[in-house]
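Observations on the three-dimensional arrangement
Here's the letter readout for the chains.
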Amino acid sequence: MKRNVLSMAITSLFFVYSCKNAPVAKQETGKTEAVKSNITDEQLMNRVQKDALKYFWDYAEPNSLLGRERYHEDNIYPDNDKHVITTGGSGFGLATILVGVERGFVPRKEAVKRLTHIMGFLAKADRHKGAWSHWINGETGKTVPFGKKDNGGDLVETAFLTSGILMVREYFKNGNAEEKALAAKCDELWKGIQWNWYTKGGQKVLYWHWSPDYQWEMNFPLEGYNECLITYILAASSPTYSIDAETYYKGWTRNGTYLTDKTKYGLPLYVKHNYAEEYGGPLFWAQYSYIGLDPTGLSDKLVKNYFDINKNQTLIDYQYCVENPKQWKGYGPNYWGLTAGYTRNEDGTTGYTAHMPGNDNGVITPTAALSSFPYTPKESMAFLRFIYTQKPEFIGSAGPYDATSINYNNWFTPRYLAIDQGTIAPMIENYRSGFLWKLFMNAPEIQQGLKKLSFQSTKYGIK
């Protein structure tokens, strides 16, 4: 499910994606028992990581074994898209599986077998100048159009997927023969992506889409600040189809004009969040690029510390929910977090929107707080403890449901999205151990790409 609503235009903020004629959310309380209040923080983090893993392990699309775009416990799919997989969400799923292996939640040997199958599927699936499409038919490997003209390569979704592929490579590259073969498959996929093609003939900016039928008609340049930073990092790091530093600084940073001196709640925003300059954008902007890219002590020519950008954006979102200017019932220190995902329409049906302080309709998306652990561990733990011990109706077979609202009589939708469940286990693990950050940041090409773009990392000795 594409999250670029804010980046495209401010009028897109309230567009409901791919949820046409969605039925009223099913209210099935009592399915999950509340956990005991004396559960430890470590046990709670284990629990939610295991639950989120189920989305990609137990409920994966059965042929490709990749992450479905959506998994609905009510088994109602208005667009008959149960078989559709999402490339970006599947990238988060790869990271989630690695967490499962590292934590002992799934057997390493079984994970290697599954990941090998996944890489084989991706190698045979439709590619567009090396990039994958946003959606892929999990049964056939063919491109599923996200929109009429969005039927080709999606560079941002490809970047999210590639981040996961590289972490799989790094994790298994020194293993046994089977693991080394898996790492080699990952390496081949990575090297086949023609990042520089997506500069539209050498322009100093990357473009989101290219279609073999409609060429560049989508015409969406990647300009910051939003969730797309990782796309430039990977494009600069490619050993085969790289972009130069000028493309990053002219394109992503808008010729260096995307900095700001604005503050909210006394917290500097540092960068101009696209179409969300007062409070910052939805919280996935502080998460998607940072599954592997470690913002701790990370800087470039313009930004002094990426961690501060993400921490302040998250704290602003938190402070907004605590302030609760619209007086939604339930909002507070234990129940907060606004990001894109399923939502409650005015008539009670399930829709989709980019929740954020500037687009707040009383719906809390659990992944927002849960995937913010590296930035707000105390506040995120308060949310995690509250939802598992006090709101069992909000917990389903794969962890917290995608959209919840205490305000609307404990409304929820018994549904999940890959891009939301997929960030929970990885970001909690990055808080707990830095596991995925270490894998990604120590990849040789990533270190070279960061240096090319004049990034520095005090944590990883990149100068």
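Summary of the structure given here. Just so it is clear, the structure is predicted and the values come from calculations on it, not from any experiment. (Residues numbered from 1 in each chain as written. Predicted model: local features only at pLDDT ≥ 70, side-chain atom pairs only at ≥ 80, totals over all residues. Heavy atoms only, no water.)

Before going further, it helps to examine the sheet that holds strand 3 (residues 135-137). In spatial order, the strands read 2-3-4; together these three strands make up an open sheet with antiparallel pairing. Either end of the sheet is taken by a strand with one partner, and the two such strands are strand 2 (84-86) and strand 4 (143-144). Looking at chain direction, strand 3 and strand 4 are connected through two bridges and run antiparallel. Looking across to strand 4, one finds that Ile136 is bridged to Thr143. (Pairing = 2+ DSSP bridges. Helix = DSSP H or I, 4+ residues; strand = E, 2+ residues; numbered from the N terminus.)

A few words now on the environment of Val156. The residue Val156 is located in helix 5 (residues 155-172) in this model. Spatially, the C-alpha atom of Val156 lies 8.4 Å from that of His209, the residues being 53 residues apart in sequence. Those residues in contact with Val156, other than ones at most four positions away along the chain, are Trp208, Leu222, Cys228 and Thr231. (Contact = heavy atoms within 4.5 Å.)

The subject of this paragraph is the pattern of salt bridges. Using the criterion set out here, one finds 24 salt bridges in the structure. Notably, a salt bridge pairs Glu445 with Arg169, separated by 2.6 Å at the nearest N-O pair. Placement of Glu445 in helix 15 (residues 444-452) and of Arg169 in helix 5 is noted, with a sequence separation of 276 residues between them. With respect to burial, Glu445 and Arg169 carry one shared label: buried. Look at the salt bridges and you will find they share partners, linking Arg169, Glu170, Lys173, Asp187, Lys191 and Glu445 into a network. (Salt bridge = Lys/Arg side-chain N within 4 Å of Asp/Glu carboxyl O. Buried < 20%, exposed > 50% of the residue type's maximum accessible area, 1.4 Å probe, protein only.)

Let us now look at the side chain of Asp402. Tracing the backbone through its elements, the reader meets Asp402 in the loop between strand 13 (399-400) and strand 14 (403-405). Take Asp402: its relative accessible area is 1%, and that puts it in the buried class. For Asp402, the side chain forms a polar contact with the main-chain nitrogen of Tyr342, separated by 2.8 Å. Not counting chain neighbours up to four residues away, the residues in contact with Asp402 comprise Gly341, Tyr342, Ile364, Thr365, Pro366, Thr413, Arg415, Tyr416, Leu417 and Asp420. (Polar contact = N/O pair within 3.5 Å; in protein donor to acceptor, adjacent residues only side chain to side chain.)

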